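# What the coordinates show
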Amino acid sequence: MQPKLLELHFSQLQTEWSTSKYNNYSDDRKNIYHAKLATIIEGLGKEDFATLDDSQIQERYWVIFFVFKSLEFLNHSTRSTIPFEMVYVLEVALKEWSPANDYIIVTSLTNGMNEFSFDGSLSFYPFIYKYIENLYGVYFDYKLVQINLPESTSRDYLANVVLYHELGHFIEKKFAITRVIYKELLAAVRRASDPAEINNIYRFFPYLRLPAKVDEFENDYQEYNQLSMHISEYFCDLFASQYVKDCSNFYLEYVTLNQAVESSTHPSTINRIIFINEYLDNKGGFVLSEYKRIVKRITGMEIGYKGKDFSTSNFESLIPVEVKELSELHGLFHYGWKVWLGEWENIRQKAEIQFTLSNADVYAIINNLIEKSIGNFIVKNEWELVKA
């Protein structure tokens, strides 16, 4: 490997850092993380890349990759760009499953309308952290949980219920939940001792009817094979529904056109919605029971509704909801969707509006009120902490 190419890579990073170094974050943990990146860049700048062998060049490649990837998300997580209220609510959910406060949710804004995704490269590449510690003596107390979302809908609280699903991908990988479910489902297929049990598995994983497929999955576990990815998607749907009930189903059904056939990466939308509706209706069969059992065994957390619903017509009266406890933050999304899917005439009448509301009017009203409800809670909560 040519040292000149490493020099090119580092020059690109220095150009990016020339503006990123002035980032300002509202979260002190991000400022600490940012300062550690500065130390790494300073260390790289002192090295003579021409003296490095191939192995050493590869190590620096991954270090520079790490800094670039960190900045990709930190640049969209500054005071001026971060979708702050949405991230705050996601961090409330994260701390229920990972209470040590050693992970920071960061966002990157994408151009695609439906480009929601989780990127685990800064959470689950431990070898990079080892390189950084050995080469530059830098240890990170916090790791970044990277979530991508469309810039055009970064403050759309109806669409962004799917971010709970993306957070589920982090939880699944942190606890290696998919691998255990994978093993247990294949063992159940081999047993085939209970017709109801096996038919329930075939319902959600129809290709497991094929013995050759079962052999393939048993003999060669891969994190990104079809069975693994489908198990993961069902888990993330289940994870999200604990906070927003069936709200993500509404958006999922539309953007996938209610896809009836599974792909290599995702189960059919129809099956995903059936799976969640069975959970919400408390009617699930063997597969859902296995998910619940295994998640409890691995994480100590029960699968169950963690939000709190409102009995209010505040949004219809154009008034933010007074959120009194953390669980109610999640309930705001369910309430917002309820208003969106309901009769908009109720808003016009309760708010005594003298003109017909357009869909854009209602959209703006709901998003504004959810954001204000979350924002008011944050301000009140922070003020109480200061007083204490």
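Residues numbered from 1 in each chain as written. Predicted model: local features only at pLDDT ≥ 70, side-chain atom pairs only at ≥ 80, totals over all residues. Heavy atoms only, no water.

## What about the domain arrangement of the protein chain?
Once the domains are mapped, the protein chain shows domain 1 (3-159), domain 2 (177-299) and domain 3 (326-387). At the junction of the two partners, domain 1 supplies eleven residues and domain 3 supplies 17 residues. Between domain 1 and domain 3 lies a buried interface of about 1400 Å² when both sides are counted; carbon and sulfur atoms form 72% of it. It is Y88, Y157 and L158 in domain 1 that bury the most area against domain 3; as a group they hold 52% of the surface buried on that side. (Domains from an automatic or database assignment. Contact = heavy atoms within 4.5 Å. Buried area = accessible area lost by both parts, 1.4 Å probe.)

## Some words on helix α12 (residues 269-280)
Over its twelve residues, α12 runs 16 Å from end to end, which matches the ideal 16 Å to within 8%, given 1.5 Å per residue. Among all positions of α12, only T269, N271, R272, I273, F275, I276, E278 and Y279 are buried. Turning to α12, the residues buried within the fold contact α6 (163-175), α8 (195-204), α10 (226-244), α11 (247-255) and α13 (286-299). Downstream of α12 by one or two residues, N282 has phi in the positive range, about 60°. (Helix = DSSP H or I, 4+ residues; strand = E, 2+ residues; numbered from the N terminus. Expected span 1.5 Å × (residues − 1). Buried < 20%, exposed > 50% of the residue type's maximum accessible area, 1.4 Å probe, protein only.)

## Overview of the side chain of N148
Within the fold, N148 resides in strand β3 (residues 143-150). Under the relative-accessibility criterion, N148 is labelled buried at 10%. The contact partners of N148, leaving out residues within four places of it in the chain, are E72, F73, S108, T110, E115, F116, S117, D119 and L163.

## Quick look at the packing of aromatic side chains
According to the stated counting rule, one finds 37 aromatic pairs in the structure shown. Consider the rings of Y164 and F333, whose centres lie 5.8 Å apart with planes at 80°: the pair is edge-to-face. Residue Y164 is found in helix α6, and its partner F333 is found in helix α14 (residues 326-341); the two are separated by 169 residues along the sequence. Both residues of the pair, Y164 and F333, count as buried. On the basis of an interplanar angle of 80° and a centroid distance of 5.7 Å, the ring pair of F204 and Y234 is categorised as edge-to-face. Residue F204 is located in helix α8, and its partner Y234 is located in helix α10; the two are separated by 30 residues in the primary sequence. Each of the two residues, F204 as well as Y234, counts as buried. Site record: aromatic cluster; members linked through ring pairs are Y182, F204, F205, Y207, F217, Y221, Y234, F275 and Y291. The lysine or arginine in question, K143, covers the ring of Y129, its NZ or CZ lying 4.7 Å from the ring centre. Positioned above the aromatic ring of Y221 is the side chain of R179, whose terminal nitrogen or guanidinium carbon lies 3.9 Å from the ring centre. (Phe/Tyr/Trp six-rings, centres within 6.5 Å; stacked < 30°, edge-to-face > 60°. Lys NZ or Arg CZ within 6 Å of the ring centre and 35° of its normal.)

## A few points about the packing of helix α4 (residues 84-97) against α10
Put simply, α4 and α10 touch, their axes get as near as 12 Å, and they point 115° apart. The way α4 lies across α10 gives a crossing that is right-handed. Seen from α4, the contacting residues are A93, E96 and W97; seen from α10, they are F239, Q242 and Y243. Here the residues of the contact of α4 with α10 sort into four nonpolar, one polar and one charged. (Axes fitted to C-alpha atoms, helices over the stretch in contact; angles between N-to-C directions. Left-handed = near helix turned anticlockwise from the far one by under 90°. Nonpolar A, V, L, I, M, F, W, Y, C, P; charged D, E, K, R; others polar.)

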